[in-house]
Structures are given as structure tokens and as C-alpha cells.
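Residue strings, one per chain:
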Amino acid sequence: MYNQNVPPPPMQNKPDNYLVLAILTTVLCCLPFGIVAIVYSSKVDGLWNSGNHVAACDYSQKAKKWSIIAVIVGAVGIVLSFLFGLGSFMFSDA
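Bear in mind the structure is a predicted one, so any value in this text is a computation, not a measurement.

Novice: I'd like a description of helix α3 (residues 53–90), backed by residues and values.
Specialist: End to end, α3 covers 55 Å across 38 residues, agreeing with the expected 56 Å (1.5 Å per residue, within 8%). Taken as a whole, α3 has its buried residues at His53, Ala55, Ala56, Tyr59, Ser60, Ala63, Ser67, Ala70, Gly74 and Gly87. Those residues of α3 that are buried are in contact with α1 (19–28) and α2 (31–49).

Written out as C-alpha cells, the structure reads:
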């Protein structure tokens, strides 16, 4: 999948794994997309330590992307729930 024989660019730092963000988005925003983010973020450190720096950077970006998607989906869900709840309250006959 990734060529492990390619040396990393000089002075490259380990990418952030975004694990805290992935866990928070799983618990607070959107469970399915948050789990995807956790899976990607949990692989970053192992790939980096095994010398597969290209894959580690790729998985770091994927973890960030899925965390952001989870936040957006969660926010949209909260807004829609509020609007539908408000609409049902306003138009109820009781």
C-alpha cells in the first residue's frame, strides 16, 4: 500500500494523531463518523514509529477530516432537532 523504503523529508516532525478530538466528536457529536476518526488516529503513532512516515501523515489528515465531518454532522443534527422540536411545539393543538 505505502512504500516504506522512502526516507522521510529531513527534520519532519511526527504528525498529530487527533485522538482527543476524535474521542470528543464521537462522544459529543456523531458516533459513526467519530469512530472512523478514532480508527485512523489510533494508527498514526504506530505507523510513525515503524518508519512509515508517509502513511502516518496520511492517516493523521484522515483522522482530522473525519473529526471535522463528525462535528459538522452533529451540529446540523442539533440544529434540525431544535427546529423540528420548535415547529412541533408551535403547531400543536394542545
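Novice: I'd like a rundown of the packing of aromatic side chains, residues and numbers included.
Specialist: The tally for this structure, following the rule as stated, stands at two aromatic pairs. Taking the centre distance of 5.5 Å and the plane angle of 35 degrees together, the rings of phenylalanine 33 and tryptophan 66 count as tilted. Of the two residues, phenylalanine 33 sits in helix α2 while tryptophan 66 sits in helix α3, which places them 33 residues apart along the sequence. Consider the rings of tyrosine 40 and tyrosine 59, whose centres lie 5.3 Å apart with planes at 85 degrees: the pair is edge-to-face. Of the two residues, tyrosine 40 is situated in helix α2 and tyrosine 59 in helix α3; the sequence distance between them amounts to 19 residues.

Novice: Give a description of the nonpolar core that names residues and reports values.
Specialist: Counting residues in hydrophobic clusters, the biggest one holds six residues: Val44, Leu47, Trp48, Ala55, Ala56 and Tyr59. Sorting the residues of this core by element identifies α2 and α3 as the ones contributing at least two each. The contact partners of valine 44, leaving out residues within four places of it in the chain, are Pro15, Asp16, Asn17, Ala56, Tyr59 and Ser60.

Novice: Got a sec to walk through α2? Specific residues and values, please.
Specialist: Between its first and last C-alpha, α2 extends 28 Å over 19 residues, near the 27 Å set by a 1.5 Å rise per residue. Here α2 has its buried residues at Gly34, Ala37, Ser41, Val44, Leu47 and Trp48. Residues of α2 that are buried make contact with α1 and α3. Phi turns positive one or two residues past the end of α2, at glycine 51, with a value near 95 degrees.

Cut-off values and rules
- Along every chain, residues carry numbers that run from 1 in the direction the sequence is written.
- pLDDT decides what is reported in this predicted model: residues at 70 or higher carry local features, side-chain atom pairs at 80 or more are listed and counted, and totals for whole chains, interfaces and linings draw on all residues regardless.
- Water and hydrogen atoms were dropped before computing side-chain values, which therefore reflect all heavy atoms in the structure.
- Secondary structure elements follow DSSP: runs of H or I of four or more residues count as helices, runs of E of two or more count as strands, with numbering from the N terminus.
- To estimate how far a helix should extend, the number of its residues minus one is multiplied by 1.5 Å.
- Relative accessibility decides the category of a residue: with a 1.4 Å probe and only protein chains considered, values under 20% of the type maximum give buried, values over 50% give exposed, and everything between is partly exposed.
- We call two residues in contact whenever any of their non-hydrogen atoms come within 4.5 Å of each other.
- Each Phe, Tyr or Trp ring (for Trp, its six-membered ring) is paired with any other whose centre lies within 6.5 Å, and the angle between the two planes then decides the class: stacked below 30 degrees, edge-to-face above 60, tilted in between.
- Residue types Ala, Val, Leu, Ile, Met, Phe, Trp, Tyr and Cys, when buried and joined through side-chain atoms within 4.5 Å, form a set referred to as a nonpolar core.

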